[in-house]
Amino acid sequence: MKSHLVKLVVLASVVALVGCGKKRTQRAEVVECSSISLDAKGTTLCLVQLYKWKLPAAQKAAESRAHELDSLKTWQEDSVWHLSADKHKRDLQSCQRGTEQVNNCLLVAGWPIRRVRATTDSMWNAELPKHRRELQECMAKRDFNLSSCLTLYYKWDSDRALATADSVTRARLGR
């Protein structure tokens, strides 16, 4: 009876090792294909052509790998960013005191565009009631271009002023 139990344990171990070995091989294939392609589509194509994967399985594995790589990249960028948190705080304070637009100042300070947009959007949203009032005041001036009014009188960023004016015009036209 005891030898039968040992045989079952050995058999189960062998089956588990074979199953794990297959996963490791598939994982290595996915990693290899993702390292030689630029996106999930290329990884899928590599897996299908080079390793004869079925298309649905290759797509799923490639998309998972792309998500994994994106997450790692974001984590690395965030880690490096947080190392210089004090410098970034000083940059922001300096840019808010200056005469130049905050987003341009932060770009000159070396901030990535993604962080600049998030920061300026956050600052904008914090003052949303004020900006709504400014918009209403400019809309009341019928003889003045809306985006020009917002830019000149209230120092709105020109891109934001143009986008707002376009949105107002579309709303007035009923689109």
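About the cut-offs
Throughout this document, residue positions are counted from 1 along each chain, in the order its sequence is written. Totals for whole chains, interfaces and linings use every residue, but because this is a predicted model, local features are given only for residues with pLDDT of at least 70 and side-chain atom pairs only at 80 or more, for both listing and counting. The basis for the side-chain values is all heavy atoms of the structure; hydrogens and waters are excluded. A helix here means a DSSP run of H or I that spans at least four residues, while a strand means a run of E at least two residues long, and both kinds are numbered starting from the N terminus. Note on definitions: a residue-residue contact is assigned when non-hydrogen atoms from the two residues lie within 4.5 Å. Throughout this description, the term salt bridge denotes a Lys or Arg side-chain nitrogen within 4 Å of a carboxyl oxygen of Asp or Glu. Throughout, exposure labels follow a simple rule: accessible area from a 1.4 Å probe, protein chains only, divided by the maximum for the residue type, with under 20% read as buried, over 50% as exposed, and the rest as partly exposed. To form a nonpolar core, buried Ala, Val, Leu, Ile, Met, Phe, Trp, Tyr and Cys residues must be joined to one another through side-chain atoms within 4.5 Å. In this description, the arc belongs to the directions extending from the helix axis to the C-beta atoms. The axes are straight lines fitted to the C-alpha atoms, using for helices just the contacting stretch, and the angles between their N-to-C directions are given from 0 to 180°. Note on terminology: angles under 35 degrees are roughly parallel, angles over 145 are roughly antiparallel, angles of 65 to 115 are roughly perpendicular, and the others are oblique. Should the near helix be turned anticlockwise from the far one by less than a right angle, the crossing is termed left-handed; should it be turned clockwise, right-handed. Just so you know the grouping, Ala, Val, Leu, Ile, Met, Phe, Trp, Tyr, Cys and Pro go in nonpolar, Asp, Glu, Lys and Arg go in charged, and all remaining residues, Gly too, go in polar.

Enquirer: Looking at this model, I keep getting lost on the side chain of Thr43. Mind explaining?
Expert: With respect to the helices and strands, Thr43 occurs in helix α2 (residues 40-51). Those residues in contact with Thr43, other than ones at most four positions away along the chain, are Val30, Cys33, Ser34, Ser37 and Ala62.

Enquirer: How should I be thinking about the pattern of salt bridges in this particular structure?
Expert: Opposite charge on two side chains allows them to pair when their charged atoms are near. Enumeration according to the criterion identifies 8 salt bridges in this entry. As a salt-bridge pair, Asp78 and Arg115 come within 2.5 Å of each other at their nearest N and O atoms. Placement of the pair is Asp78 in helix α3 (residues 55-83) and Arg115 in helix α6 (residues 113-126), with a sequence separation of 37 residues. Judged by relative accessible area, Arg115 falls into the buried class, the value being 16%. Between Glu127 and Lys130 there is a salt bridge, with the nearest N and O atoms lying 3.8 Å from each other. A residue is classified by how much of its surface remains accessible, and Glu127, at 37% relative accessible area, is partly exposed. The exposure class of Lys130 is partly exposed, given its relative accessible area of 35%.

Enquirer: Please clarify how unusual backbone geometry should be interpreted in this entry.
Expert: Across the chain, the bulk of peptide bonds are trans and the bulk of non-glycine residues have phi less than zero. The backbone of Lys52 sits at a positive phi, close to 60°, despite the residue not being glycine. Position of Lys52 among the secondary structure elements: in the loop between α2 and α3. The class for Lys52 is exposed, based on a relative accessible area of 68%.

Enquirer: How should the nonpolar core be read in this particular structure?
Expert: Among soluble globular proteins, nonpolar side chains are generally buried collectively. In this structure, Trp124, Leu135, Cys138, Leu146, Cys149, Leu150, Trp156, Ala161, Ala165 and Val168 together form the largest nonpolar core, which totals 10 residues. Look past the residues within four positions of Val168 in its chain and what remains in contact with it is Leu135, Met139 and Leu146.

Enquirer: Help me out: how do you make sense of helix α8 (residues 146-154) in this one?
Expert: In an α-helix, one turn spans 3.6 residues; hence positions three or four apart end up facing the same way. All of the buried residues along α8 are Leu146, Ser147, Cys149 and Leu150. In an axial view of α8, the angular spread of the buried residues amounts to 165°, which keeps them on one side of the axis. For α8, the elements touching its buried residues are α7 (128-140) and α9 (158-173). Just beyond α8, the residue with positive phi is Lys155, at close to 60°.

Enquirer: Can you walk me through the packing of α2 against α3 in this structure?
Expert: A pair of packed helices can be characterised by two numbers: the angle between their axes and the separation between those axes. The geometry of α2 relative to α3 is characterised by a closest axis approach of 8 Å and an angle of 140° between their N-to-C directions. In terms of axis orientation, α2 runs oblique to α3. The hand of the α2/α3 crossing is right-handed. Contacts between α2 and α3 involve Ala40, Thr43, Thr44, Leu47 and Val48 from the first element and Leu55, Ala58, Gln59, Ala61, Ala62, Glu63 and Ala66 from the second. Within the contact of α2 with α3, the residues separate by chemical class into 8 nonpolar, 3 polar and 1 charged.

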